[in-house]
Amino acid sequence: MTVIDFVQGGSNYAIENILDACKWFGQISVYATSPDSFNNFFIENNKILGIGSETTNPAISIIPLGSNVFIRGNQIVCGTGRAISVSSIINCVIENNRISCSDNASERVISTTGTVAKCIIKGNILFDGVRQCFIGIDSANAVVVDNHVKSNTPLFRNSAGNSNSLIANNSIDGTAFIYSNTNSMIGNRLGGNYNFQNQAVM
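Let us look at the structure shown here. Quick caveat, the model's predicted, so the values are computed rather than measured.

1. Some words on the packing of aromatic side chains
Two numbers describe a pair of aromatic rings. These are the distance of the centres and the angle of the planes.
Phase 1 of the analysis: The tally for this structure, following the rule as stated, stands at four aromatic pairs.
Phase 2 of the analysis: Aromatic side chains Phe6 and Phe41 sit 5.5 Å apart centroid to centroid with 65° between the ring planes, which places their arrangement in the edge-to-face category. Here the residue Phe6 occupies a position in strand E1 (residues 2–6), and Phe41 occupies one in strand E5 (residues 41–44), the gap between them amounting to 35 residues. Each member of the pair Phe6 and Phe41 is classed as buried.

Right, dumping it as structure tokens:
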């Protein structure tokens, strides 16, 4: 069950909604099933509040089988599920979201899975919550820039074989781990202990 659920069409907007204490539900979702495909979604400047560890659903879940999704400027308090989960998209921008979440060491905060092409993840902040990683990428050719982690959560993780992403100008206050397979790392600021794995550092 989802509070705001787009089930058909395209060129839809979820803008400046306040979802307060809608527990045990996903908050905003787009879900298409083949052969349908949805294009042009704008999820912007919403406030998702009052969610605790009782809620395991993703706060924002987008599976449009289409293109052009913009998730920008949202304030998200989520439970133990993902704050933002996207899959099966061409052209996706996840930008300037402010996120707090419950602890879950086996789950990501922002996740791209399945076929996601041309994804930009920029300017997002994780304020609290300990997770497997802040940003998890299971696709190639992502741009992850200017994000900031204030909690003891690794910034970035990608799966083996998914490479050619640019990880640049991000900053981490807590435990500064970046798990990466053959990506370019440029200008990231790490605080505390840090670890790189299998990447080109420039």
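2. Topic: the side chain of Asn147
Phase 1 of the analysis: Locating Asn147 in the fold gives a position in the loop between strand E15 (142–145) and strand E16 (148–149).
Phase 2 of the analysis: Within the structure, the side chain of Asn147 is placed 3.1 Å from the backbone oxygen of Val145, a separation counted as a polar contact.
Phase 3 of the analysis: Dropping the residues within four chain positions of it, Asn147 is found in contact with Ile121, Lys122, Gly123, Asn124, Phe134, Ile135, Leu155, Asn169, Asn170 and Ser171.

3. Examining the sheet that holds strand E6 (residues 47–49)
Phase 1 of the analysis: Ordered in space as E3-E6-E9-E11-E13-E16-E19-E22, the eight strands form an open sheet in which the pairing is parallel. Single-partner strands in this sheet number two, and they are strand E3 (18–20) and strand E22 (189–190).
Phase 2 of the analysis: Where strand E19 (residues 171–172) meets E22, two bridges bridge the pair, whose relative direction is parallel. Bridge assignment links Ile172 to a residue of E22, and that residue is Leu190.

4. Things to note about the pairing of strand E10 (residues 84–95)
Phase 1 of the analysis: Counting buried positions along E10 yields nine of 12 residues, so the element is predominantly enclosed.
Phase 2 of the analysis: Alignment of strand E7 (residues 60–63) against E10, held across three bridges, turns out to be parallel. Each bridged residue has a counterpart across the sheet, and for Ile60 the counterpart in E10 is Ile84.
Phase 3 of the analysis: As judged from the six bridges shared by strand E8 (residues 66–72) and E10, these two strands associate in the parallel manner. From the neighbouring strand, Ser67 faces E10, where its bridge partner is Ile90.
Phase 4 of the analysis: Inspection of the sheet shows E10 paired to strand E12 (residues 104–122) by 10 bridges, in the parallel sense. If you follow Ser87 over to E12, its bridge partner there is Thr113.

5. Quick look at the environment of Asn104
Phase 1 of the analysis: With respect to the helices and strands, the residue Asn104 is situated in strand E12.
Phase 2 of the analysis: Reaching out from Asn104, the side chain makes a polar contact with the backbone oxygen of Thr80 at a distance of 2.9 Å.

6. A word on the side chain of Asn188
Phase 1 of the analysis: Along the chain, Asn188 falls in the loop between strand E21 (184–186) and E22.
Phase 2 of the analysis: A relative accessible area of 18% places Asn188 in the buried class.
Phase 3 of the analysis: Looking at Asn188, its side chain comes within polar contact range of the main-chain nitrogen of Asn170, at 3.0 Å.

7. Some points on the pattern of salt bridges
Phase 1 of the analysis: In this structure the tally under the stated criterion is four salt bridges.
Phase 2 of the analysis: Residue Glu44 pairs with Arg72 through a salt bridge whose shortest N-O separation is 2.5 Å. With a gap of 28 residues between them, Glu44 in strand E5 and Arg72 in strand E8 connect regions that are remote in the sequence.
Phase 3 of the analysis: A residue is classified by how much of its surface remains accessible, and Glu44, at 13% relative accessible area, is buried.
Phase 4 of the analysis: With its nearest N and O atoms 3.1 Å apart, the salt bridge here joins Asp173 to Arg189. With Asp173 in the loop between E19 and strand E20 (176–179) and Arg189 in strand E22, this residue pair connects regions lying 16 residues apart in the sequence.

Each value, and the rule that gives it
Throughout, a residue's number is its position along its own chain's written sequence, starting from 1. In keeping with the predicted nature of the model, local features appear solely for residues at pLDDT of at least 70, side-chain atom pairs appear and are counted solely at 80 or more, and the whole-chain, interface and lining totals rest on all residues. To obtain the side-chain values, all non-hydrogen atoms of the structure were included, while hydrogens and water were left out. For Phe, Tyr and Trp, rings pair up if their centres lie within 6.5 Å, where Trp contributes its six-membered ring, and each pair is then called stacked (planes under 30 degrees apart), edge-to-face (over 60) or tilted (otherwise). Each helix is a run of DSSP H or I of at least 4 residues and each strand a run of E of at least 2, with the numbering of both proceeding from the N terminus. Note on exposure labels: buried denotes an accessible area under 20% of the residue type's maximum, exposed denotes more than 50%, and partly exposed covers the range between, all computed with a 1.4 Å probe on protein chains only. Two N or O atoms form a polar contact when they lie within 3.5 Å of each other; inside protein one atom must be a possible hydrogen donor and the other a possible acceptor, and for residues adjacent in sequence the pair counts only when both atoms belong to side chains. For this analysis, residues touch if any pair of their heavy atoms sits within 4.5 Å. Strand pairing is assigned whenever DSSP identifies at least 2 bridges connecting the two strands. Salt bridge, as applied in this entry: a Lys or Arg side-chain nitrogen positioned within 4 Å of an Asp or Glu carboxyl oxygen.

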